[in-house]
Amino acid sequence: MDSPNRLPLLTAACVLALAACSSMKTPATAEVASSRTAVEAAASTGAPELAPAEMAAARDKMLRANQALAAKDYRTAQDLAQQAQADAKLAQSKASSAKATEAANRLQEDIRVLREELERANSTMTR
């Protein structure tokens, strides 16, 4: 007599569990898509050459997030996708910083050359 009374409770528990799983799928899918976009954006800024370790980490985590999503492990997929996004943003920042440093170095060199030319011009005028 106890079993028929538990059936509605078990059914409700199963429905709640399925609803929880399906509600995790949408955020995880969105996070994985966002991580892909972040990795592609970082790659387009030269990060693979200027921040190779960070790009490798971002790509690895994005791949693992896709695998977790395919395995319906939505929590892991979401976590890995968020980590991939963070790694991609770090790679992009490092690439931008390296480019800015290189531009500053070129500018300093140009200034040095101009000063030398100015000094030469001034020394020939005073002769």
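Fair warning: this is a prediction, and the values are worked out from it, not measured in the lab. Along each chain, numbering runs from 1 in the same order as the chain's sequence is written. Reporting in this predicted model follows two pLDDT cut-offs: at least 70 for local features of residues, and 80 or more for side-chain atom pairs to be given and counted; totals over whole chains, interfaces and linings ignore these cut-offs and use all residues. With hydrogens and water excluded, all non-hydrogen atoms of the structure serve as input to the side-chain values.

On a range of 0 to 100, pLDDT expresses the predictor's confidence in each residue. Per-residue confidence for the protein chain gives a mean pLDDT of 87, with 80% of residues at or over 70. Runs of E in the DSSP output that reach at least two residues are strands. Runs of H or I that reach at least four are helices, and both are numbered from the N terminus. Within the protein chain, the lowest mean pLDDT, 74, falls on helix α1 (residues 2–44), and the highest, 96, falls on helix α3 (residues 52–70).

Let's shift gears to the pattern of salt bridges. Salt bridges are defined as contacts in which a side-chain nitrogen from Lys or Arg sits within 4 Å of a carboxyl oxygen from Asp or Glu. Scanning the model with the defined rule gives seven salt bridges in all. In this structure, the salt-bridge partner of K61 is D87, at a minimum N-O distance of 2.9 Å. With a gap of 26 residues between them, K61 in helix α3 and D87 in helix α4 (residues 74–125) connect regions that are remote in the sequence. Ionic pairing is found between E102 and R106, a salt bridge with its closest N-O pair at 3.6 Å. Within this pair, E102 and its partner R106 are both found in helix α4, separated by four residues, close to a single helical turn. When accessible area is computed with a 1.4 Å probe and restricted to protein chains, residues below 20% of their type maximum are described as buried, those above 50% as exposed, and intermediate ones as partly exposed. Looking at E102, the relative accessible area reads 40%, which means it is partly exposed. R106 gets classed as partly exposed once you look at its relative accessible area, which sits at 47%.

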